[in-house]
Amino acid sequence: MTDLPCIEIEYCTQCRWLLRAAWMAQELLTTFEAEIGGVTLVPGTGGVFEVRSADKLLWSRKAEGRFPDIKELKQRVRDEIAPEKPLGHSDRKPEAD
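Values in this document were obtained by computation on a predicted structure and should not be read as measured data.

Novice: Lay out the nonpolar core with the relevant residues and their values.
Specialist: Grouped together as the largest cluster of nonpolar side chains are 24 residues, with contacts concentrated most on I9, L28, F49, L73 and V77. For this core, the secondary structure elements donating two or more residues are β1 (6-12), α1 (18-31), β3 (49-53), β4 (56-60) and α3 (70-81). Leaving out residues up to four positions away in the same chain, I9 has contacts with A21, M24, A25, L28, V39, T40, L41, V42, F49, E50 and V51.

Okay, structure coming up:
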């Protein structure tokens, strides 16, 4: 058993969001391979798409009004579980014109 934090992605089965949830899980597992103990996909209903770490809500599609860009999701996960971890190009801010 690991003491590393686990991420939970709850997705709507009625909306067929499993592939989106699985892709985001893959991205998180790749980016945070040494910082997380796993990603759990949790089937739900009613248009739910939420990402949690230790019962702390990191993203809610209903609250935000949209799905996260993977860059945003990685930043929120990083800020919660490994604030010192650089995310490379995902940390860059857009250049002003």
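Novice: Could you give an account of the packing of aromatic side chains, with specific residues and numbers?
Specialist: Under the definition given, this model contains three aromatic pairs. Considering the side-chain rings of W17 and F67, the 4.8 Å spacing of their centres and the 85 degrees angle between planes classify their relative orientation as edge-to-face. Highlighted residues: W17 in the loop between β1 and α1 and F67 in the loop between α2 (61-64) and α3, separated in sequence by 50 residues. Like F67, W17 is buried. Ring geometry for F49 against F67: centres 5.0 Å apart, planes inclined by 75 degrees, an arrangement best described as edge-to-face. Taken as a pair, F49 in strand β3 and F67 in the loop between α2 and α3 lie far apart in primary sequence, 18 residues in all.

Novice: Before we move on, can you summarise α1 with the specific residues and values?
Specialist: With 14 residues, α1 ought to run about 20 Å at 1.5 Å a step, and its terminal C-alpha atoms sit 20 Å apart, in line with that. Those residues of α1 not exposed but buried are A21, M24, A25, L28 and T31. The buried residues of α1 all sit within an arc of 135 degrees when viewed along its axis, so they share a single face. Along α1, the residues that are exposed and aim more than 90 degrees away from the buried face are L19 and T30.

Novice: How would you sum up the side chain of S60? Please name residues and give values.
Specialist: Here S60 lies in strand β4. Among the polar contacts made by the side chain of S60, one reaches the main-chain amide nitrogen of A63 at a distance of 3.3 Å. For S60, the residues in contact, after removing those within four places along its chain, are F49 and E50.

Novice: Go over the pairing of β1, please, and point to the residues and values.
Specialist: The side chains of a regular strand alternate between both faces of the sheet. Taking burial as the measure, the seven residues of β1 include five buried ones, the bulk of the element. Sheet topology note: the β1/strand β2 (residues 38-44) ladder contains seven bridges and is parallel. Each residue of the ladder has a partner; that of C12, found in β2, is G44. As for the winding sense of the linkage, the β-α-β connection from β1 through α1 to β2 is right-handed. Bridge count between β1 and β3: five bridges; the pairing is antiparallel. Residue Y11 lies in a different strand from β3, and its bridge partner there is F49.

Analysis parameters
- Sequence order as written defines the numbering, with residues in each chain counted from 1.
- Local features in this predicted model are restricted to residues whose pLDDT is 70 or higher, and side-chain atom pairs enter the listing and the counts only when it is 80 or higher, whereas totals over whole chains, interfaces and linings include all residues.
- To obtain the side-chain values, all non-hydrogen atoms of the structure were included, while hydrogens and water were left out.
- By nonpolar core we mean a set of buried residues, namely Ala, Val, Leu, Ile, Met, Phe, Trp, Tyr and Cys, connected to one another through side-chain atoms within 4.5 Å.
- The buried label applies to any residue whose accessible area, calculated with a 1.4 Å probe on protein chains only, is under 20% of its type's maximum; exposed applies above 50%, and partly exposed to all values in between.
- Secondary structure elements are taken from DSSP: a helix is a run of H or I of four residues or more, a strand is a run of E of two residues or more, and numbering for both begins at the N terminus.
- Contacts were defined at the residue level, with two residues in contact if any of their heavy atoms lie within 4.5 Å.
- When the centres of two rings from Phe, Tyr and Trp lie within 6.5 Å, Trp using its six-membered ring, the rings pair. Their planes under 30 degrees apart give stacked, over 60 give edge-to-face, and anything left gives tilted.
- Helix span, expected: 1.5 Å multiplied by one less than the number of residues in the helix.
- Throughout, the arc means that of the directions going from the helix axis to the C-beta atoms.
- Here a polar contact is recorded for every N or O atom pair within 3.5 Å, except that within protein the pair must consist of a potential hydrogen donor and a potential acceptor, and residues adjacent in sequence are included only if both atoms are side-chain atoms.
- Paired strands, as defined in this entry, are two strands with at least two bridges between them according to DSSP.
- Crossover handedness is defined by viewing with both strands directed away from the observer: a clockwise path from the first strand over the helix to the second marks the crossover as right-handed.

Structural measurements only, silent on function.
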